[in-house]
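Residue-level listing of the chains:
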Amino acid sequence: MEKIIDLAGKQAQKAEVYRIEKDASPACFLGGKLSALEGERSVSTGLRVVVNGRLGFSSTTHPDEVEGLVKRAVDSASFGPEVDLSLPTHEKHYGQCGCYDEKVANLSLKDIVDTGNEMVDIVKTDFPDVNIEAEVSREIHKVSIMNTEGGNVSFEKSIHQSFLNVLLMLPSDRAELEDTRTTTNLTDAPQDMARMAVWRFRHCKNVKPVQTKKMTVVFTSLGFRGLFVPMFYGFNGELASKNLSILSDKLQDQIVDSRITLSDDPTSPGLPGSCPVDDEGVQTFRKSLIEKGVLKGFLYDLQTAGKSGQRSTGNGFKKSSLYTGFSIDAQPNPWPSNFVIAPGDISREDMIAGIKDGIIVDDLMGAGQGNNLNGEFSMSVALGYRVENGEITGRVKDVMIAGNVFDVFQNNLRAMSSEVYSEDTLFGRYTVPWITFGNMPVSAT
Amino acid sequence: MKELIKNAIAGSGADFIEIRLEDTTRAGISFSGKDVKKAQSTRDYGGYVRVLINGSWGFTSFNNPDYLSELVAEAEKRARAAGKGHTKLADVTPVQDEIHLDIDQADDPRNISLEEKVAFFRNISHRILDSSKMIISSGVNYVEEDRHILYANSEGTCLDMRGLWAAGGLSAIGRHHNVVQSVHSGFGTRNSWNDIRSADDRVDTVCEDVIDLVKAKPVSGGRYTVILDPRLSGVFIHEAFGHLSEADNVSDNPKLLDQMTLGTRFGQDHFSVMDGGSLPDERGSYSYDDEGVPSSMNYLIKDGLLAGRLHTRDTAASMGEKPTGNARTINYRFSPICRMSNTFIVPGPHSFEQMLEGIPDGLYVVGGGSGNTSKGLFTFSAERARVIKNGKLGGWIRDLTLSGNVFETLKDIDMVGNDLNRSRSGGCGKSVGARMQYPLSVSMGSPHIRIQNVLIGGR
């Protein structure tokens, strides 16, 4: 890294090297049986330079490449955007910090396989005929970021990830569930996810009809996936500064129900998006986005902060689009770390018990496909349940829901559960309660 | 490097071993409005070792091939730890081949300077933004990928392959009162900068379309007779049916397999679907797949009956079918899995005018958004639609999604057009476990098609 910084520093006003070493070992299960043990050992390096006020970028995964990397970055800077990057200047080696758990690091191949088998067994005990695809993985990331302004940070992160896809084939029907749990520490999230799958499929034995009308709708933490994307687009600092966010110009306004408090919290131990610094080396911190219904702020990385006269909120993450995760060849963009909605005051059971006529939305198809910039969602319910007189009475099928996420949080919010759950989705990570909306249009199809 | 790979293979005690080494350079340019958003050039270098021992896979992905024999040992250790599995590989004839790029120097996208490319795309982005006050933002992106793959396995297959993909898209975002809408148009090539230059011709259409769209009415949901344009119809057949044809989705699932028995009726007699990597120079074309199996061209549905599916050597053997050359990976970080290549609805006899005739109340649905499928259920968003009243096209409609059950919807396709068109940009995503493999170069093709009784969702 020093070599790269030295060489780049001679040709550029500013330079920043990002390096990630990854050691990952997933165990894959197909048809309920262990099918492959995989592994990745990688070292990837990204280089950003500022030449004549313009930003250039390159990356490499070649272990020895220095000159080529620097040349490509410098060359691309001739055409890059004009930037005002206030690169961080602090030096700190966080080491094995709050997002590292030795117990995860020490997991053996056998431990990982055992966990996968346990998940399969939990589901199979109640549903012997389901088809199960599963994956359990242990990953260690070592991240170092160094720049020409004196910034020099590093940290280690451990990741314990489990994935479950369960397909229940019924005589004329099928129910499918896909869920991922990710923590930085060792927990029983995999087993809990498997038990939750059993809970879900118990309600799939019969189908209950639904008529097109307005009714109570509960979003589980999994179902929240469909609201997450149109919601976080509103908080994107770049969109806000360009007046493209639906929340532009609404700072300090009451934008949703006063029971809603939403934060971006990268400091919470165990949560998958936690990290001491973002991918630009900026120290991260918890920030309120909505406090008691009032809009408090937007998310910025260095580049968008520089452009809009703001400070980075430590949300510069190397993810280039909604449908891709971290990538070494992505430049930082403002994304949420852990999107956290504060819990409500009613248990999940009491929440359901209080519903006369409604549905629970558990998994969706078409999440993220609405007009996200407008805050709109429109999805079909892939897995959902009918609630009648306080009881779950069966599965619902062929149901669509649509609306505007900020509208429903303003006008339709009824209750939030006291329990919160963390989900790790392709779109991002969030921790939310189950949320009930009243009087929401549901279309039966 | 080839010697290094061959030696590592020779030194392995696995039942089967394959090694892939990949060196990809990628140039990316994007504009947002008048600002260049990024100009970058990156290199992705690495490989994997995959071994099969006692029917179980072990896989190690790496960046540094200097220690190849250690990496082989690590993959073997994993395969052994996985115990006795049930994987077998379908027989294929070993091949040794070199695939070179054969491109006219003057028209080679790689020979166009970054300066010229940036100027070209800047001009497009500016023209979109300046075309109307209603257009509040514009976007252009371009990615050029030059990939060199070495592949060898213990059966004697040895391949040295070079491939070029260049593709992008332009978009216009418009606003009228509180309605914000975007319209997108993709472009791409395997070998010609002139193809990319044709993006210029799309600027006016994109601008006109987005202005129509922001003034459009929201759709009222319900069931309609719809005509899908080739772009959306291509997305539809890819998402709703193509993914279902991937053999790894059904091979371990006897009940789903039952519904996917070859010979089962899937559509009306005039309806056929094909997939194949062997078409020349399309976005999803290649000579050999990522297991070294030659690409081919196959019917997935022929004259309405299920006729084939997409295989890796593993799934072909387990289902007792022929390998099709559809084992693909997006890069060396992942094992190859069953993927599509160039998927398309085979053109039929009908003209667009014939399709319009006799529709009392329908929609002409245009432009593909993203899609989602789950073992036969599908939902995806469309860019926009026009009302059809008594066989005549009417005003624009916005914010629609289409959804349904593919087994039912395919049978409701009652007319297939004669105007096949394939996508030249975009990519396909597929998750294995928690990890998404996106974007894979594929093309989605179709003529106009007419479908009865489609569920349209909206606000």
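Residues numbered from 1 in each chain as written. Chains lettered and ligands numbered in written order. Predicted model: local features only at pLDDT ≥ 70, side-chain atom pairs only at ≥ 80, totals over all residues. Heavy atoms only, no water.

**Q** Looking at this structure, I do not really get the overall build of chain A. What am I missing?
**A** Along chain A, the regular secondary structure elements total ten helices and 21 strands. Computed over C-alpha atoms, the radius of gyration of chain A comes to 23 Å, within 12% of the 22 Å expected from 2.2 N^0.38 for 445 residues, which places it in the range of a compact globule. Its C-alpha atoms give chain A principal-axis dimensions of about 70 × 55 × 35 Å. Relative to its full complement of 445 residues, chain A shows a buried share of 66%. For chain A, contacts bridging at least 24 residues in sequence account for 71% of all contacts bridging at least 6. About 15,600 Å² of surface is accessible on chain A, with carbon and sulfur atoms providing 46% of the total. Side-chain charges of chain A comprise 46 positive and 59 negative groups, with the mean position of each set lying 3 Å from the other. (Helix = DSSP H or I, 4+ residues; strand = E, 2+ residues; numbered from the N terminus. Rg over C-alpha atoms; globule rule 2.2 N^0.38 Å. Buried < 20%, exposed > 50% of the residue type's maximum accessible area, 1.4 Å probe, protein only. Contact = heavy atoms within 4.5 Å. Areas by Shrake-Rupley, 256 points an atom, 1.4 Å probe, with all protein chains shown as cover. Lys, Arg positive; Asp, Glu negative; His and termini not counted. Charge placed at Lys NZ, Arg CZ, Asp CG, Glu CD.)

**Q** Teacher, can you tell me more about the overall build of chain B here?
**A** Secondary structure assignment for chain B yields ten helices and 25 strands. In terms of C-alpha radius of gyration, chain B reaches 23 Å, essentially the compact-globule figure of 23 Å for 459 residues. C-alpha extents for chain B along the principal axes are approximately 70 × 55 × 35 Å. A total of 459 residues make up chain B; the buried ones form 61% of that total. Partitioning the intrachain contacts of chain B with sequence separation of at least 6 by distance along the chain shows that 73% fall at a separation of at least 24.

**Q** Would you mind showing me how to read the sheet that holds strand S15 (residues 342-345) of chain B here?
**A** Whenever strands of a sheet pair, they do so through backbone hydrogen bonds, lying parallel or antiparallel. All names here are of chain B. A sheet is described by the order of its strands in space; here six strands give the open sequence S12-S11-S10-S15-S24-S21, paired in mixed fashion. Because the sheet does not close on itself, it has two edges, and the strands there are strand S12 (305-306) and strand S21 (421-422). Where S21 lies against strand S24 (residues 443-446), two bridges are found, and the strand directions are antiparallel. Paired with Arg 422 across the bridge in S24 is Gly 445. Across the face of the sheet, helix H6 (residues 230-242) comes into contact with strand S10 (273-276), strand S11 (297-302), S12, S15, S21 and S24 while running at roughly 115° to S24. (Pairing = 2+ DSSP bridges. Axes fitted to C-alpha atoms, helices over the stretch in contact; angles between N-to-C directions.)

**Q** Can you walk me through the interface of chain B and chain A in this structure?
**A** Interfaces are often sized by the amount of accessible area the parts lose when they come together. The interface is formed by 72 residues belonging to chain B together with 68 residues belonging to chain A. Across the interface of chain B and chain A, roughly 6,100 Å² is buried in total on both sides, 50% from carbon and sulfur atoms. At the boundary of chain B with chain A, the tally comes to five salt bridges. The shortest N-O distance in the salt bridge between B:Arg435 and A:Glu38 comes to 3.2 Å. Counting the contacts that link chain B with chain A gives 27 residue pairs in polar contact (both at pLDDT 80 or more). Of all the elements, strand S2 (residues 35-53) of chain B adds the most residues to the side of chain B that touches chain A, at eleven residues. The residue makeup of the side of chain B that touches chain A, split by class, is 26 nonpolar, 29 polar and 17 charged. With two bridges joining them, strand S2 (residues 33-37) of chain A and strand S3 (residues 56-62) of chain B adopt parallel strand pairing. Note that in S3(B) the partner of A:Ala36 across the bridge is B:Trp57. (Buried area = accessible area lost by both parts, 1.4 Å probe. Salt bridge = Lys/Arg side-chain N within 4 Å of Asp/Glu carboxyl O. Polar contact = N/O pair within 3.5 Å; in protein donor to acceptor, adjacent residues only side chain to side chain. Nonpolar A, V, L, I, M, F, W, Y, C, P; charged D, E, K, R; others polar.)

**Q** Got a minute to help me understand the domain arrangement of chain A in this structure?
**A** All names here are of chain A. By the assigned domains, chain A splits into domain 1 (2-197) and domain 2 (203-445). Taken over C-alpha atoms, the centre of domain 1 sits 23 Å from the centre of domain 2. Contact residues are listed per partner, giving 45 residues for domain 1 and 38 residues for domain 2. Contact between domain 1 and domain 2 buries roughly 3,100 Å² in total, counting both sides, with carbon and sulfur atoms accounting for 59%. The interface formed by domain 1 and domain 2 includes one salt bridge. Residues Arg 48 and Glu 280 are paired through a salt bridge, measuring 2.7 Å at the closest nitrogen-oxygen approach. At the surface where domain 1 touches domain 2, the tally comes to eight residue pairs in polar contact (both at pLDDT 80 or more). Residue contributions to the side of domain 1 that touches domain 2 peak at eleven residues, all from strand S8 (residues 173-183). (Domains from an automatic or database assignment.)

**Q** Which parts of the structure should I look at to understand the packing of helix H3 (residues 114-130) of chain B against helix H5 (residues 203-214) of chain B?
**A** How two helices sit against one another is set out by the angle between their axes and by the gap between those axes. Residues and elements named next belong to chain B. For the pair H3 and H5, interaxial distance at closest approach is 10 Å and the crossing angle is 30°. As far as their axial angle goes, H5 and H3 are roughly parallel. In the packing of H3 onto H5, the handedness of the crossing is right-handed. For the pair H3 and H5, the contacting residues are Ile 124, Arg 127 and Ile 128 in the first and Val 203, Asp 204 and Cys 207 in the second. (Parallel < 35°, antiparallel > 145°, perpendicular 65-115°, else oblique. Left-handed = near helix turned anticlockwise from the far one by under 90°.)

**Q** Help me out: how do you make sense of the pattern of salt bridges in this one?
**A** Between side chains of opposite charge, a pair can form as their charged atoms come close. This model, assessed by the stated rule, comprises 60 salt bridges over all chains. Between B:Arg50 and B:Glu291 there is a salt bridge, and its shortest N-O distance comes to 2.8 Å. Residue B:Arg50 is located in strand S2, and its partner B:Glu291 is located in the loop between S10 and S11; the two are separated by 241 residues in the primary sequence. There is no split in this pair, since B:Arg50 and B:Glu291 are both buried. As a salt-bridge pair, B:Asp108 and B:Arg110 come within 2.8 Å of each other at their nearest N and O atoms. Accessibility expressed as a relative area gives 4% for B:Asp108, which makes it buried. A residue is classified by how much of its surface remains accessible, and B:Arg110, at 29% relative accessible area, is partly exposed. Through salt bridges with shared partners, a single ionic network connects A:Asp329, B:Arg20, B:Glu22, B:Arg26, B:Glu145, B:Arg147 and B:Asp290.

**Q** How should the pairing of strand S7 (residues 179-189) of chain B be read in this particular structure?
**A** If a strand is regular, its side chains alternate between the two faces of the sheet. Residues and elements named next belong to chain B. The element S7 is largely enclosed, with a buried count of eight among its eleven residues. As paired elements, strand S6 (residues 158-176) and S7 share eleven bridges and run antiparallel to each other. Following the sheet pairing, Ala 167 is matched in S7 by Gly 188. In this structure, the hairpin formed by S6 and S7 is closed by a connection of two residues, where His 177 is found at a positive phi of approximately 55°.

**Q** Looking at this structure, I do not really get the environment of A:Asn52. What am I missing?
**A** Residue and element names in this part refer to chain A. Along the chain, Asn 52 falls in the loop between strand S3 (40-51) and strand S4 (54-60). Residue Asn 52 is classed as exposed on the basis of its relative accessible area, which comes to 66%. In this structure the C-alpha to C-alpha distance between Asn 52 and Val 83, which are 31 residues apart in sequence, comes to 9.7 Å.

**Q** Sorry if this is basic, but what is going on with the environment of A:Ile246 here?
**A** All names here are of chain A. Relative to the helices and strands, Ile 246 is located in the loop between helix H7 (237-241) and strand S10 (262-264). Judged by relative accessible area, which is 26%, Ile 246 ranks as partly exposed. Residues Ile 246 and Asn 374, spaced 128 residues apart in sequence, show a C-alpha to C-alpha distance of 5.9 Å. Other than its neighbours up to four places away in sequence, Ile 246 contacts Leu 373, Asn 374, Gly 375, Asn 404 and Phe 406.

**Q** Quick question: what am I supposed to make of the packing of aromatic side chains here?
**A** Working definition: an aromatic ring pair is given by the centre-to-centre distance plus the angle between the planes. Evaluated as defined, the whole model comprises 32 aromatic pairs over all chains. Measuring from ring centre to ring centre gives 4.9 Å for A:Phe228 and A:Tyr430, while their planes differ by 45°; the resulting arrangement is tilted. Of this pair, A:Phe228 sits in helix H6 (residues 225-233) while A:Tyr430 sits in strand S21 (residues 428-444), and the two are 202 residues apart along the sequence. A:Phe228 sits in the buried class, given a relative accessible area of 0%. Consider the rings of A:Tyr323 and B:Tyr438, whose centres lie 6.4 Å apart with planes at 50°: the pair is tilted. With one member in each of two chains, A:Tyr323 in the loop between strand S13 (316-317) and strand S14 (333-334) and B:Tyr438 in strand S23 (residues 435-441) form a pair that bridges those chains. Here A:Tyr323 falls in the partly exposed class, since its relative accessible area comes to 24%. Classification of B:Tyr438 as partly exposed rests on a relative accessible area of 29%. Aromatic rings pair up to connect A:Phe224, A:Phe228, A:Phe232, A:Tyr233, A:Phe235, A:Trp335, A:Phe339, A:Phe406 and A:Tyr430 into one cluster. (Phe/Tyr/Trp six-rings, centres within 6.5 Å; stacked < 30°, edge-to-face > 60°.)

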